[in-house]
Amino acid sequence: MGALPPVGGVSRRVRPPPERTPVTVSANLTRRLRTAAAAAVLSAATALPIAAATPAAHAAATARVDNPFVGAGVYLNPEWSAHAAAEPGGSAISTQPTAVWMDRIAAIAGGNGVMGLRDHLNAAVQQAAGKPYVFQVVIYDLPGRDCSALASNGELGPTELPRYKSEFIDPIAAILADPAYANLRIVTTVEIDSLPNLVTNAGGTATATPACDTMKANGNYVNGVGYALAKLGAIPNVYNYVDAGHHGWLGWDSNLQPAIDVIKQAATASGSTVNNVQGFITNTANYSALHEPNFTVGDSVNGTSVRQSKWVDWNNYVDEATYAKAFRTKAVASGFNVNVGMLIDTSRNGWGGSSRPAGPGPTTSVDAYVDGGRIDRRFQTGNWCNQSGAGLGERPKAAPEDGIAAYVWVKPPGESDGASSAIPNNEGKGFDRMCDPTYTGNPRNNNNMSGALPGAPLAGHWFSAQFQELLKNAYPALGPSTGDTTPPTAPTGLAATTTAGSVSLTWNAATDNVGVTGYDVYRGGVLIGSTAGTSYTDTGLTASTAYSYTVKARDAAGNVSAASAALVATTQASGGGTGAGCTASYKVTNDWGAGFNADVTVTAGSAAIKTWKVTWNFGGNQQITNLWNGQLAQSGPAVTVTNLAYNGTVAAGASTAFGFGANYSGSNATPTLTCTATS
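Because the structure is predicted, anything quoted here is derived from the model rather than measured.

### Brief notes about the overall build of the protein
Tallying secondary structure elements over the protein gives 15 helices and 26 strands in all. Classification of the 679 residues of the protein by burial places 56% in the buried group. For the protein, long-range pairs separated by at least 24 residues make up 76% of all intrachain contacts whose partners lie at least 6 apart in sequence.

### Focus on the layout of surface pockets
Within this model, the largest pocket holds a volume of roughly 1,000 Å³. In this structure, the largest pocket is lined by 46 residues; those nearest its centre are Pro293, Asn294, Ile528, Gly529 and Tyr536. Secondary-structure elements contributing two or more residues to the lining of the largest pocket are strand E7 (300-301), strand E14 (516-523), strand E15 (526-531) and strand E16 (535-538). By residue number, the principal contributor to the lining of the largest pocket is E15, which donates 6 residues. For the lining of the largest pocket, the residue count by class is 20 nonpolar, 18 polar and 8 charged.

### Quick notes on the nonpolar core
Counting 76 residues, the largest nonpolar core has Leu195, Phe280, Phe327 and Phe336 as the members making the most contacts within it. Per-element accounting of this core gives the leading share, 8 residues, to helix H7 (residues 161-176). Not counting residues up to four positions away in its chain, the partners in contact with Phe336 are Ile260, Ile263, Lys264, Ala267, Val274, Val277, Phe280 and Ala331. In terms of nonpolar packing, the next biggest core, distinct from the first, is built from 25 residues, Tyr586, Val614, Trp616 and Val641 among them.

### Details of the pairing of strand E17 (residues 546-555)
In regular strands, side chains alternate between the two faces of the sheet. The buried fraction of E17 amounts to 8 of the 10 residues, a majority that puts the element mostly inside the structure. The sheet contact formed by E17 and strand E18 (residues 567-570) spans 4 bridges and is antiparallel. Counterpart to Ser548 in the pairing with E18 is Val568.

### Details of the side chain of Asn283
On the secondary structure map, Asn283 appears in the loop between strand E6 (279-282) and E7. Excluding its chain neighbours within four sequence positions, the residues that come into contact with Asn283 are Gly245, His246, Ser288, Glu320, Ile344, Asp345 and Asn349.

### Here we look at the sheet that holds strand E12 (residues 492-498)
Across the sheet, 3 strands lie side by side as E12-E13-E16; this open sheet has antiparallel pairing. Edge positions in the sheet fall to E12 and E16, since each has one partner strand and no second. Each neighbouring strand pair of the sheet contributes to a mean axis angle of 20°, computed without reference to strand direction.

### Some words on the sheet that holds strand E26 (residues 674-678)
Pairing between sheet strands relies on hydrogen bonds along the backbone, with the strands arranged either parallel or antiparallel. The 4 strands are arranged E23-E24-E21-E26 in an open sheet whose pairing can be described as antiparallel. The strands lining the two open edges of the sheet, one partner per strand, are strand E23 (631-635) and E26. Recorded for the sheet is a direction-independent mean angle of 15° between the axes of neighbouring strands. Of the strand pairs in this sheet, strand E21 (residues 611-617) and strand E24 (residues 638-642) are connected by 5 bridges, and their pairing is antiparallel. Along E24, the bridge assignment pairs Val614 with Val641.

### A look at the pattern of salt bridges
Under the definition given, this model contains 14 salt bridges. Between Arg163 and Glu167 there is a salt bridge, with the nearest N and O atoms lying 3.0 Å from each other. Of this pair, Arg163 and Glu167 both sit in helix H7, 4 residues apart, which is roughly one turn of that helix. Judged by relative accessible area, which is 30%, Arg163 ranks as partly exposed. Owing to a relative accessible area of 33%, Glu167 belongs among the partly exposed residues under this scheme.

### Quick notes on the confidence of the model for the protein
Of all residues in the protein, 88% have pLDDT values of 70 or greater, and the mean over the chain is 86. Across residues 1-57, confidence stays below pLDDT 50; counting only partners more than four residues off in sequence or on other chains, it has 158 contacts.

### Quick look at the packing of aromatic side chains
Counted according to the given criterion, the structure contains 18 aromatic pairs. Arranged with centres 5.9 Å apart and planes meeting at 80°, the rings of Phe596 and Phe660 form a pair that is edge-to-face. Of this pair, Phe596 sits in strand E20 (residues 595-604) while Phe660 sits in strand E25 (residues 655-663); the two residues are 64 residues apart in sequence, bridging distant segments of the chain. By the burial criterion, Phe596 is buried, and Phe660 matches it. In this structure an aromatic cluster arises from ring pairing among Tyr586, Phe596, Trp612, Trp616, Phe618, Phe658, Phe660 and Tyr664.

What counts and how
Residues numbered from 1 in each chain as written. Predicted model: local features only at pLDDT ≥ 70, side-chain atom pairs only at ≥ 80, totals over all residues. Heavy atoms only, no water. Helix = DSSP H or I, 4+ residues; strand = E, 2+ residues; numbered from the N terminus. Buried < 20%, exposed > 50% of the residue type's maximum accessible area, 1.4 Å probe, protein only. Contact = heavy atoms within 4.5 Å. 1 Å grid on protein atoms, 1.4 Å probe; cavity = no way out; pocket = protein on both sides within 12 Å on 5 of 7 lines; lining within 4 Å. Points joined across faces, edges and corners; volume = space filled by probe spheres on them. Nonpolar A, V, L, I, M, F, W, Y, C, P; charged D, E, K, R; others polar. Core = buried A, V, L, I, M, F, W, Y, C linked by side-chain atoms within 4.5 Å. Pairing = 2+ DSSP bridges. Axes fitted to C-alpha atoms, helices over the stretch in contact; angles between N-to-C directions. Salt bridge = Lys/Arg side-chain N within 4 Å of Asp/Glu carboxyl O. pLDDT = per-residue confidence, 0-100. Phe/Tyr/Trp six-rings, centres within 6.5 Å; stacked < 30°, edge-to-face > 60°.

Structure follows, in structure tokens:
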């Protein structure tokens, strides 16, 4: 099933991330582990007595939930934590959860000072202390692994599927099925890169490699993934997430649906069914920006679409969040279960620091507009090895935005993607020129420079220089190592003025014990921009259209506040007249548990208005008992308030207000208001 060329005639494209092996723990590090706080976790975990449980109790304790990350802690890998804490400034992130990598047969048992799978699981049980807890593990040892790269080649030859089953998957499944771990929510990332490689790098595409052609022909990727899903999916507390590449690899129509088709083929191979897939993960061990706030795929410059820019190159997506959500929609339409979730690896896609653009690029040309505003500073989205300028991304978080189950750190920051030059080794790891900073590229990255950092060790080995670069360029930025985990207060007083094509937002500053460093602005639940101040203008909008906004605050320690109350702003009609713009903001001024008072402020847009109307639906049983400075109509939860004779006329940019008292029981959530006006 070879990929067709996308619009523009260039076949696509890349493999994303490479390796990924667990850190090699030196003797010195082992000694540090035994003397540091992480050592206490390790030593206690490996000696932890665990009571036996019956298979029936296992099944009863582990009914799957839709999103395993919600309401659960996540395993802290003590080996990675010790490496991070030993680095200057590393204590700022050394308590973040990262995945455990099973990337070779020997990793299952561990030994020589390195924790094996059961050691990690025992440590997770101890950390959980009886509470819901997620354990993340990467399953990564297919025969002929990573057929389009050398830095992350595996130990099994292209035809060694029987060994993959009996020596790798079967022992892992046996350990995960131990009733001792029945209360853990075990989240697997299944075989990075493999299935997408069959779409873009095999079958006669311009980027095909002989190794990928072999794996496509022998079917061992498809059958191996199917076998893994079947064996692991039979364990009731295992949640399988299949690798789904990233937007800079599969974002073209000619790649995305074929990739979903291949994944479904694997999900129904070797005795598996789609019921063994709980979701998908994107950007694994890669660098693609989570959001690109300064341009969208729908923008144009002087009549030229952003899709025609050299950077976007006719892609349908410009960041991972939009790609992941679209992938899920298409996967469900292709037969996967409707409750599948999406994970995004945000460990190294922050792109902060002094080079981060503060706003859109100039509109002199479409390339200047995109290149001047893009957050992702790579030479090309196909670059995957030890990228210069990259930073830590969003910290791991459950349900961070609509359509995303969690941000996760699957690739542990600080572990090399591959060596910068050839290094003799007994680990089966080759030298890939994409890890050489002097390399000028190949068809899989459109013959761009590799962008790799110099001085990198073998894949999976600790790379201190990269770790320091990730700290320096983190976004959200890292604050002082204060141990602060308290987010700022949510911004309040969100208000707007409008024109026919823009909404200008203002809000009251949030507060924090460390210090607020910026605000993220969301339209319809999607991040559209960031600012250090308390105002933001959203442009390029459609006249006479309602838009919903929220704002979140960030502090110097990387904590993010809850969203502000939503504000619905309606852009003005072209030329004014009926439908002229106004916005309404809602504030509870007093709440005594059984009742409350609230004020609503109505603000005219850039043109004066003569009448206004504010509508909303309460989320509970709130009943307004009295209202002043407006005319009330309420039917159940639906409320409409119109102006009185003396306060209908409001000058451009000016405000008027009304208030009310109400009774309620239960919750009292802030409703979303809609304001319409005539001029």
